[in-house]
Amino acid sequence: MKFGVLVFPGSNCDRDIVWVTEGILGQPTRMIWHEESDLSDIDVVVVPGGFSYGDYLRCGAIARFSPVMRSTIDHANAGKLVLGICNGFQVLTEAGLLPGALVRNRDLHFICDRVPLRVERNDVVWTQNYQKGQVVEFPIAHGEGSYYADAETLKSLEDHDQILFRYCDPAGNLTAESNSNGSLNHIAGICNRQGNVLGMMPHPERASDRALGCVDGLALFESILKAVPALV
């Protein structure tokens, strides 16, 4: 299988993804410049973290109009896999591939930390190597990572089990203190109804190398490897 990692002016986590997919897991990976549009050789598109186009307008708002994102939308609509991490999650909401928006953190501060997350489902492509209810620890690094949606959208996400990760305390409890950015319903990551598009603010790629002291994120990428042969 082959990963494609999008690269925008301002991306800064693209090489972190490549280190995991190619360096650790040994999967062919191509870095795709934002002006490219051919994704025909790609199985999984990854929209990485960073500050696409400097985030000068609104996080992800400019990237949505790039040639590569138009092709990414087609890729997703064909049922293929798309993963957006941090700024990538913001891009996916701006592009309409996922509902809601990422807004300023509750306390208006940039947060750089490691936080516990509760895995809500393990019956989808992205989480099958986890256990339902498992608490994992991923790094976060964002100033506009608070998930927001209107009441109808939130109800739909809950009703259709589209919330895959929630911020929690180390025991898995959903407390105000554990929801450091103020995301509604403690949302840290969601998928579309079909399940082939995942957006999440925490960074699994920064929790995939033993040299960094945490490998909780590696199971997400290994889950993808188990799923893709059945999808292509």
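Owing to the predicted nature of the structure, the values given are computational and were not obtained by experimental measurement.

Colleague: Hey, could you run me through the environment of Q134 in this one?
Modeller: By secondary structure assignment, the location of Q134 is in the loop between β6 (111-119) and β7 (135-142). Taking the relative accessible area as the measure of exposure, Q134 reaches 28% and is therefore partly exposed. Remark: the alpha-carbon pair of Q134 and D209, spanning 75 residues in sequence, is separated by 20 Å. Setting aside residues no more than four positions away along its own chain, Q134 makes contact with L117, R118 and V119. Within the structure, Q134 has its side chain in polar contact with the backbone nitrogen of Q131 (distance 2.8 Å).

Colleague: Mind showing me how you'd approach the sheet that holds strand β10 (residues 187-191) here?
Modeller: Two pairing modes exist for strands in a sheet, parallel and antiparallel, and in both the strands are linked by backbone hydrogen bonds. Read from one edge to the other, the open sheet built from nine strands follows the order β2-β1-β3-β4-β11-β10-β9-β6-β7, with strand pairing classed as mixed. Where the open sheet ends on each side, the last strands, each with one partner, are β2 (29-33) and β7. Strand-to-strand, the axes of this sheet are offset by a mean angle of 25°, without reference to chain direction. When strand β4 (residues 81-85) meets strand β11 (residues 197-200), the two strands line up parallel, connected through four bridges. When the sheet's bridge partners are listed, V82 is paired in β11 with V197. Seen against the sheet, helix α3 (residues 87-94) touches β3 (44-47), β4, β10 and β11 and runs at an angle of roughly 120° to β4.

Quick notes on the rules
Residues numbered from 1 in each chain as written. Predicted model: local features only at pLDDT ≥ 70, side-chain atom pairs only at ≥ 80, totals over all residues. Heavy atoms only, no water. Helix = DSSP H or I, 4+ residues; strand = E, 2+ residues; numbered from the N terminus. Buried < 20%, exposed > 50% of the residue type's maximum accessible area, 1.4 Å probe, protein only. Contact = heavy atoms within 4.5 Å. Polar contact = N/O pair within 3.5 Å; in protein donor to acceptor, adjacent residues only side chain to side chain. Pairing = 2+ DSSP bridges. Axes fitted to C-alpha atoms, helices over the stretch in contact; angles between N-to-C directions.

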